[in-house]
Amino acid sequence: MLGHQRTPPLRGPGLRAFSGTVLFTSRGLAEYRAMFTLDDADLTGSLLDCCAGAASLVAEASVQGGRAVAVDPFYAQGTATVRDALRDSLRGGQQLIEDHEEQFVWDWYGDRATRDAMRAEAAAVFLEDLSGAPQRYVAAELPRLPFADGAFDLAVCSHLLFTWARRLDCAWHLKALRELARVAREVRVFPLVRAGDGSPTPFLTELLDELGGLGLTAEVVGVEYEFQRGGNQMLRLLPS
Ligand SMILES: C[S@@+](CC[C@H](N)C(=O)[O-])C[C@H]1O[C@@H](n2cnc3c(N)ncnc32)[C@H](O)[C@@H]1O
C-alpha cells in the first residue's frame, strides 16, 4: 500500500534521543483535528502521520475510509515493548504535567480528567489497530522515509520537529521537512515551540528562508489548540 516497504531495525539519532518514557504519546483524532485544522476531506485522502507514536489518527482515519499510514521508529521494538512503553508513557505524562503545571493551559481540554481519558482512549484504539492492521504501522525515521515521491496527499507531524529543537538542529529539521515534502503534497507540523519552557525555535526564520529557497511555500498558521503554553501555531508547507 502506498509504495512503502519495511525497513531494518532502527538505531538512528531520533530513536536514541527519545528513549525516555513520556515520549511515546497517544493523541487522538479530536486533538489532531484541532492541532492541524484537519477537515473530513483531509481524513479521507491519503494521509501520513510521522511521527505517529501511539496516536490513534491513523486508526480513526481508516475507519472513515482514508488511506492512512503511521511512521515511528519505535514500532521496530515490537508490540509487547510498544504496549509497555505506552503504559509507562501515560503515567509519565500525567506526572510531567503535575511537576510543571505552569507550562500548560487548559482551555482546550477543560480539565485534567478529560485530557487523561482522551489519551487513554486514543492509546486503546491505537493498540487495537496495531494488532489488527499492522500494515498501517511502519518502522522508519526521519529524515529518510521508505515511500515514493508524492505518495500522500498530506503528512502531519506532531511533537517531534521543533519540540526537540534543543537536540535536533536546523540542518536536521531542513532534511526532515524536505523529506516530508517529498513524500506528501502538503505538510503540516505542530507545535513550533520547544519542549520544556515552550520557548520559540531559535532557527525558525532561518529554516523558513531555506525552505523558500527550495521552492516550498512555508507559512505559520494559528490553530485553535493550545496545551503547551504558547504552542498554538503550525507550520504548513506547500509546493510554490
Ligand atoms: C511525543 S511523541 C508524539 C507522538 C504523536 N505524534 C502524538 O502527538 O501523540 C514523539 C514520537 O516521535 C518518535 N520519533 C523519534 N525520532 C523520530 C524520527 N527521527 N522520525 C520519526 N519519529 C521519531 C518517537 O518514537 C515518539 O513516538
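Refer to the preceding data block for the structure.
On a predicted model such as this, the values are computed, not experimentally measured, just so you know. (Residues numbered from 1 in each chain as written. Predicted model: local features only at pLDDT ≥ 70, side-chain atom pairs only at ≥ 80, totals over all residues. Heavy atoms only, no water.)

Asks: Requested: an account of the pattern of salt bridges, with residues and values cited.
Replies: With the rule as written, the count across this model stands at 16 salt bridges. With a closest N to O distance of 3.7 Å, Arg 91 and Asp 88 form a salt bridge. Remark: Asp 88 and Arg 91 occur in helix H5 (residues 79-99); sequence separation between them is three residues, near one turn of the helix. We classify Arg 91 as exposed; its relative accessible area is 52%. Of the residues examined, Asp 88 reaches a relative accessible area of 28% and is grouped as partly exposed. A salt bridge links Asp 197 to Arg 166, with the shortest nitrogen-to-oxygen separation between them at 3.4 Å. Pair noted here: Asp 197 is in the loop between strand E5 (184-190) and helix H8 (204-213) and Arg 166 is in the loop between strand E4 (152-158) and helix H7 (170-183), with a separation of 31 residues, a long-range link. (Salt bridge = Lys/Arg side-chain N within 4 Å of Asp/Glu carboxyl O. Helix = DSSP H or I, 4+ residues; strand = E, 2+ residues; numbered from the N terminus. Buried < 20%, exposed > 50% of the residue type's maximum accessible area, 1.4 Å probe, protein only.)

Asks: Provide a residue-level description of the sheet that holds E5, including the pertinent values.
Replies: Overall, mixed pairing links the seven strands, which are arranged E3-E2-E1-E4-E5-E7-E6 in an open sheet. Bordering the open sheet on either side are strand E3 (137-138) and strand E6 (216-222), each of which pairs with just one other strand. Pairing geometry for E6 and strand E7 (residues 233-239), over seven bridges, is antiparallel. What sits directly across from Val 220, in E7, is Leu 235. Where H7 meets the sheet, it contacts strand E1 (46-50), E4, E5, E6 and E7, and its direction lies at approximately 140° from that of E5. (Pairing = 2+ DSSP bridges. Contact = heavy atoms within 4.5 Å. Axes fitted to C-alpha atoms, helices over the stretch in contact; angles between N-to-C directions.)

Asks: Break down the site of the ligand for me, citing the residues and quoting the values.
Replies: The full set close to the ligand counts 20 residues, and Leu 23, Tyr 32, Cys 51, Asp 72 and Ser 158 are the nearest of them. The contact in question runs from an oxygen atom of the ligand to an N or O atom on the side chain of Asp 72, over 2.6 Å. In the environment of the ligand, an oxygen atom lies 2.4 Å from a nitrogen or oxygen atom belonging to the side chain of Ser 158. For the shell around the ligand, a count of residues per class yields eleven nonpolar, six polar and three charged. (Near = heavy atom within 4 Å. Polar contact = N/O pair within 3.5 Å; in protein donor to acceptor, adjacent residues only side chain to side chain. Nonpolar A, V, L, I, M, F, W, Y, C, P; charged D, E, K, R; others polar.)

Asks: Run through the environment of Ser 131, naming residues and quoting values.
Replies: If you trace the backbone, Ser 131 turns up in helix H6 (residues 112-132). Each C-alpha atom of the pair Ser 131 and Thr 79 lies 7.8 Å from the other, and the pair is 52 residues apart in sequence. Excluding residues within four positions of it along the chain, Ser 131 makes contact with Thr 79 and Arg 83.

Asks: Please set out the pairing of strand E2 (residues 67-71) residue by residue, giving values where relevant.
Replies: For E2, the buried fraction is high: four of the five residues fall into the buried class. Bridging between E1 and E2 involves five bridges; their strand directions are parallel. Across the sheet, the residue bridging to Asp 49 is Ala 70, located in E2. Considered for its hand, the β-α-β crossover made up of E1, helix H4 (residues 57-63) and E2 is right-handed. Here E2 runs beside E3; their pairing, made up of two bridges, is parallel. Counted as the bridge partner of Ala 70 is Tyr 137 from E3. (Right-handed = clockwise from strand over helix to strand, strands pointing away.)

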